[in-house]
Amino acid sequence: YDALYMGHTRSELANEALREGFWEIDLPDNLEVDEFTPIWYSDQFARLLGYEPEEFPPILKTWLEKIHPEERDKIFRIYKAFIKGSSPGDVYNTEYQLLTKEGKYRWFNARAKIQRDQNGKPIREAG
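Note that residues are indexed from 1 along each chain, following the sequence as it is written. pLDDT decides what is reported in this predicted model: residues at 70 or higher carry local features, side-chain atom pairs at 80 or more are listed and counted, and totals for whole chains, interfaces and linings draw on all residues regardless. Side-chain measures were taken over the full set of non-hydrogen atoms in the model, leaving aside hydrogen atoms and water.

1. Remarks on the nonpolar core
Piece 1. Take the buried residues of types Ala, Val, Leu, Ile, Met, Phe, Trp, Tyr and Cys, join any two whose side-chain atoms come within 4.5 Å, and each joined set is a nonpolar core. Note on exposure labels: buried denotes an accessible area under 20% of the residue type's maximum, exposed denotes more than 50%, and partly exposed covers the range between, all computed with a 1.4 Å probe on protein chains only. Ranked by size, the top nonpolar core spans 29 residues in total, and within it Leu60, Trp63, Tyr79, Ile83, Tyr92 and Tyr96 carry the most contacts.
Piece 2. Strands are runs of DSSP state E lasting at least two residues, helices are runs of H or I lasting at least four, and both sets are numbered from the N terminus onward. Sorting elements by how many residues they give to this core places helix 4 (residues 72-85) first, with five residues.
Piece 3. In this structure, leucine 60 is in contact with Ile25, Val33, Asp34, Glu35, Thr37, Ile39, Tyr41, Phe76 and Tyr79, ignoring residues within four places of it in sequence. Only heavy atoms matter for contacts: two residues are in contact if any of them lie within 4.5 Å across the pair.

2. Some details on the pairing of strand 1 (residues 23-26)
Piece 1. The alternating pattern of strand 1 places Trp23 and Ile25 on a buried face, while none of Glu24 and Asp26, on the opposite face, is buried.
Piece 2. Strands are labelled as partners when DSSP assigns at least two bridges between them. Pairing of strand 1 with strand 5 (residues 122-126) involves three bridges; the strand directions are antiparallel. Among the inter-strand pairings, isoleucine 25 is bridged to a residue of strand 5, identified as glutamate 125.

3. Observations regarding the pairing of strand 3 (residues 91-99)
Piece 1. Pairing of strand 3 with strand 4 (residues 105-116) involves nine bridges; the strand directions are antiparallel. Across the sheet, tyrosine 96 pairs through a bridge with phenylalanine 108, a residue of strand 4.
Piece 2. Linking strand 3 to strand 4, which pair antiparallel, is a turn of five residues; within it glycine 103 sits at a positive phi near 90°.

4. Considerations on empty space enclosed by the protein
The gaps of empty space that remain are located by a probe, the size of a water molecule, rolled over the atoms.
Piece 1. Cavities and pockets are found on a 1 Å grid laid over the protein atoms alone: a cavity is a set of points where a 1.4 Å probe fits but cannot escape, a pocket is an open set with protein on both sides within 12 Å along at least five of seven lines, and a lining residue has an atom within 4 Å of such a point. Grid points are joined across faces, edges and corners, and a volume is the space filled by probe spheres set on the points. Summed over the entire model, instances satisfying the criterion amount to one cavity of 30 Å³ or more.
Piece 2. Reported here for the largest cavity is a volume of approximately 80 Å³.
Piece 3. As for the largest cavity, its lining consists of Trp23, Ile25, Ile39, Tyr41, Phe45, Leu60, Trp63, Tyr79, Tyr92 and Tyr96.
Piece 4. For the lining of the largest cavity, the secondary-structure elements that each account for two or more residues are strand 1, helix 3 (60-66) and strand 3.
Piece 5. Gly is placed with the polar residues, together with every amino acid not listed as nonpolar (Ala, Val, Leu, Ile, Met, Phe, Trp, Tyr, Cys and Pro) or charged (Asp, Glu, Lys and Arg). Considered class by class, the residues forming the lining of the largest cavity number 10 nonpolar, no polar and no charged.

5. Details of the environment of proline 58
Piece 1. By the secondary structure assignment, proline 58 is in the loop between helix 2 (43-48) and helix 3.
Piece 2. On the accessibility criterion, proline 58 (52% relative accessible area) is exposed.
Piece 3. Residues proline 58 and isoleucine 39 lie 19 residues apart in sequence; the distance between their C-alpha atoms is 5.1 Å.
Piece 4. Proline 58 has contacts with Thr37, Pro38, Ile39 and Tyr41, leaving out every residue within four places of it along the chain.

Now the structure itself:
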């Protein structure tokens, strides 16, 4: 437990120092994600948008609602295609605007990688 706690603490400290947020999703068996898919956001991810972590519900809808309306469908379509069609080693990398708590849009670069099981099936994504 202590080692796990220290690893988490180091990760959070590094994310804060680098001003980067982190998120992780355990992918469903059918790879169909929707707005209610659970997602873990680091505290820093919420703070980059001006929120406290408790104001940032851990579901995909939280992220989707923050994407600029003109980009939302396109970005979610790209994201879902990445989950279903990427081959080992492929990385998701895209830029889009997210709405801050103050009501302004801010540009972000999102990068992610898929973790696969021993059969090559996507099981988790982190970015």
